[in-house]
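An overview of the molecular structure
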Amino acid sequence: MSNFSWPLTRVQHTENVHSLKSGRSINDFTRDKSSFDLKTWDGHSAPDSDRWNYNTHYYRLTDTLMPVTDSVLDFGCGEGMLTRRLRARSARVVGIDPDQHSIRAAREQSGSDIDYICGDALEYPFEPESFDAVVSVAVLHHIDAARGLERMAELVRPGGTVMVIGCASSERPRDLVIDLTSTVAALAVLSRHKLWKHPCPVVWPPPASYREMKELAHELLPGSQFRRHLLFRYSISWTKPR
Ligand SMILES: C[S@@+](CC[C@H](N)C(=O)[O-])C[C@H]1O[C@@H](n2cnc3c(N)ncnc32)[C@H](O)[C@@H]1O
């Protein structure tokens, strides 16, 4: 696979832009699960409503693509901002993430009505088909994406929803055209919003391309909808057949 990327685009759509501003290269942070110090993270002082980044921008898609449910799993919940949002629409919300710093931040910022599990969502012994919805934002590129999609499909009940917001790499000329347009859009958005820094592990660049993720989604979740969005993310939504 050959991946192309505009230099500016790499800055704009990475998961933690502050890493570049700090003078360190993206690679210093890639797969870095230990250098983050929760004590120095100033992100918790902003209310959820003021936290904007390329992931939080697309949280609102869960409102339209995911029906109100009794139970939802936030697969790779990080510090829990989406998990808290999901709680407003679901009676039982579980967030899982293997990163202990993220789970600690999630617990500290959330009420006791959300269950946070520090664990690997691929392995944790959840009951199969035990959730009405499984939602995952910016996680598939951290793991074997095929295993991730299969696992989400396994955990959701028949008739339930799997919803993914993901990051992928550009490889085709048309990807680069979209990236260029996206960079202009991102600069406009960033003139209105301060970028909020999340405290979770970062993997960059994403190993799979948009094309590969689309093919994988159609193969493993037949009937799913794949969309590429303007601000450097794609979405997959799927209803599990009954
Ligand atoms: C970029 S963060 C996104 C966090 C959160 N979903 C958000 O929207 O901010 C990716 C998260 O995936 C988590 N992750 C990586 N491997 C995982 C796995 N096997 N199971 C669950 N989460 C995982 C990481 O620890 C990290 O917190």
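Our subject in this report is the structure included herewith. (Residues numbered from 1 in each chain as written. Predicted model: local features only at pLDDT ≥ 70, side-chain atom pairs only at ≥ 80, totals over all residues.)

With that out of the way, let us pick up the sheet that holds strand 5 (residues 156-166). Ordered by their spatial adjacency, seven strands build an open sheet running 3-2-1-4-5-7-6, and the pairing between neighbours is mixed. At either margin of the open sheet sits one strand with a lone partner, and together these are strand 3 (114-118) and strand 6 (225-228). Between one strand axis and the next, the sheet turns through 15° on average, direction left out of account. Across the sheet, helix 6 (residues 100-109) lies against strand 2 (90-97) and strand 3, angled at about 165° from strand 3, the strand it touches most. (Pairing = 2+ DSSP bridges. Helix = DSSP H or I, 4+ residues; strand = E, 2+ residues; numbered from the N terminus. Axes fitted to C-alpha atoms, helices over the stretch in contact; angles between N-to-C directions. Contact = placed C-beta atoms within 7 Å.)

On to the site of the ligand. Around the ligand sit 22 residues, and of these Gly76, Gly78, Asp99, Ala121 and Cys200 come closest. Class assignment of the residues belonging to the shell around the ligand gives a composition of 12 nonpolar, six polar and four charged. (Near = placed C-beta within 6 Å. Nonpolar A, V, L, I, M, F, W, Y, C, P; charged D, E, K, R; others polar.)

Take the environment of Thr181 next. Positionally, Thr181 belongs in helix 8 (residues 173-190). As for Thr181 and Leu231, which are separated by 50 residues in sequence, their C-alpha atoms are 9.1 Å apart.

Take Ala168: it is sitting in the loop between strand 5 and helix 8. The sequence separation of Ala168 and Ser209 amounts to 41 residues, and the corresponding C-alpha distance is 4.9 Å. Excluding its chain neighbours within four sequence positions, the residues that come into contact with Ala168 are Pro206, Ala208, Ser209, Tyr210, Met213 and Tyr234.

Everything listed is a geometric property; what it means functionally is a separate question.
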